Amino acid sequence: MRTTTFVAPALAAALAATALGGPPAPASPAAPATVEQSCAERTLGELSVAQRVGQLFVAGVDADDPTSSQLARITDYHLGGVILTGGSDAGVQTTRQVSDAARARASTSNGIGLWVSADQEGGYVQHLEGPGFATIPTALEQGGLDQDTLRSRARTWGGQLREAGVNLNLAPVLDTVPEELGRGNKPIGYYYRQYGYTPEAVAGAATAFQRGMSAAGVQPTGKHFPGLGRVRENTDTSGEVLDEVTTRQDPYLHPFQVAVDNGIPLIMASTARYTLIDPANLAAFSPTVLRGMLRDDLGFTGVIISDDLGNAAAVQDIPVGERATRFLGAGGTVVLTVDSATVPRMFHEVILRARADPEFRAVVDEAALAVLRAKDRIGLLPHCP
C-alpha cells in the first residue's frame, strides 16, 4: 500500500522555487498556507535544499569524547541526527553532556531538533553503560519474559536513554534465527540478539520492547529488513553476505509486518544481498526491497534508515558518494554512517544529483518530509504545538 503525500499549493510553489543551498522562495500571496498543511509540511517549506539534504543523514560521534571535526559536521552539513559510537561506560550524566554538545551544534537546521541515537538492544549490544544505565539482558533473554514485564522494563530502559539525551534507539532486532542455525548466524544468533527462534516469538517480544521504548519517548527502530537471521556472515565485517532463502512473501517477514502494524517509526535496511528477491542489488540499494516490499507489501510509511554505509565491509566496493544517492534513489530515507568523515562526500553527491535531476530532487523532498513527520511525533519541530 503506497500512500500519496499531500503537498499544498503554497508548499509546492516553495519547493519548486527553492535554489539549491539557498533559502526557499516565499509563497505567492495568492496561495496562502492551508489548514491541510501539517507542521512537517510547513517546516519543509522553510528549509533550503541543503538543509533538507542534511536531515537525511545520521552520522557518528564518539560516545565519550566527540572530536571537534565530528561536532563541526553537525553544523556544516545540517545533520538530522547523530549516532553515539565506540561505546561508553561513563554513565547517564556523561552521555547527557555529549548529547547536549551535539544538540548545541544543530544551529543551522532552522531550529529542528537533532536525533541522538544509540544501539541499546541489550546483552553484547548495549553501547551505553555505567551509572544510571541498567544492565539490559540479551534479546533472547528478554524474549523469555512475559510481554507486560518486558514492556515495563523497556520503558525503564528508555527513560534512562531520555535522561541521557538519547531520543532514538536503533532497536529492536526483528530478525529471526532458526534454532538449528543458532550461533552459526554471525550477525545475530552469535550474540543472542534475536528475541526467539520463530517469527511469532520474535514479533511478540519485539512489540513489547517497541511499546516500552515509545512510552518512554524514545523512538524505536526495527532492523534489519528483510532479515539477517538466515545468513552466516556479518555485513559489518564481510564483503559479500548472501541470503539465498528469503522470498518476497517469506514467513520470516512477520515480525516486520507486526512492527509496521504497531506504528514503528523507523525500519533499518540490511546491506546483505537477497538472491531470491533482487540478486542484482544489496537490500539497501534495491527498489524491490525498499519500495516494493517495505512500502507496498507491508504498508510502511515511516522512515527507512540504512544500516551503516560508512565503515561496513559490505559497501566498500561502492564509491562513498554513490552509496548515499543509490540508497535514496532506491527509496531510502536516512543514510546512517558511523564514520562522519564520509558525510561531506555523500552530502555533496546528493546535492549535485538533486541539481541535475528533478526526479531525484523530488525524492529528496519526500524523504525530508518523512523525517520531519517522524520528528514531529516526539516534539522536535520548532513552532509546532
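Below, the structure is looked at part by part. If you're wondering where the values come from, they're calculated on a predicted model, not measured in any experiment.

1. A few points about the sheet that holds strand S1 (residues 57-62)
Through backbone hydrogen bonds, the strands of a sheet pair up, either in parallel or in antiparallel fashion. If you walk across this open sheet you meet the eight strands as S11-S9-S7-S6-S3-S2-S1-S12, and the pairing is parallel. For this open sheet the edge positions go to strand S11 (303-306) and strand S12 (335-337), each flanked by a neighbour on one side alone.

2. Describing empty space enclosed by the protein
A complete count under the given rule lists one cavity of 30 Å³ or more for this structure. If you trace the largest cavity, you find 13 residues lining it, with Pro 226, Gly 227, Arg 230, Thr 246 and Tyr 252 closest to the centre.

3. Comments concerning the packing of aromatic side chains
Here the structure, examined in full by the defined rule, presents six aromatic pairs. Their ring planes at 65° and their centres at 5.7 Å tell us that Tyr 124 and Tyr 191 sit as a pair that is edge-to-face. Of this pair, Tyr 124 sits in the loop between strand S4 (120-122) and strand S5 (125-126) while Tyr 191 sits in the loop between strand S6 (168-169) and helix H8 (199-215), placing them 67 residues apart in sequence. A relative accessible area of 32% places Tyr 191 in the partly exposed class. Clustering of aromatic rings is evident, with ring pairs tying together Tyr 124, Tyr 190 and Tyr 191. Positioned above the aromatic ring of Trp 115 is the side chain of Lys 375, whose terminal nitrogen or guanidinium carbon lies 5.2 Å from the ring centre.

4. So, the pairing of strand S9 (residues 266-269)
Here S9 shows a buried face lined by Leu 266 and Met 268 and a second buried face lined by Ile 267 and Ala 269. Two elements, strand S7 (residues 219-225) and S9, share three bridges in a ladder whose sense is parallel. Its bridge partner being in S9, Thr 221 is matched across the sheet by Leu 266. When S9 meets S11, the two strands line up parallel, connected through four bridges.

The rules behind each value
Residues numbered from 1 in each chain as written. Predicted model: local features only at pLDDT ≥ 70, side-chain atom pairs only at ≥ 80, totals over all residues. Heavy atoms only, no water. Pairing = 2+ DSSP bridges. Helix = DSSP H or I, 4+ residues; strand = E, 2+ residues; numbered from the N terminus. 1 Å grid on protein atoms, 1.4 Å probe; cavity = no way out; pocket = protein on both sides within 12 Å on 5 of 7 lines; lining within 4 Å. Points joined across faces, edges and corners; volume = space filled by probe spheres on them. Phe/Tyr/Trp six-rings, centres within 6.5 Å; stacked < 30°, edge-to-face > 60°. Buried < 20%, exposed > 50% of the residue type's maximum accessible area, 1.4 Å probe, protein only. Lys NZ or Arg CZ within 6 Å of the ring centre and 35° of its normal.

Nothing here speaks to function; it is all geometry.
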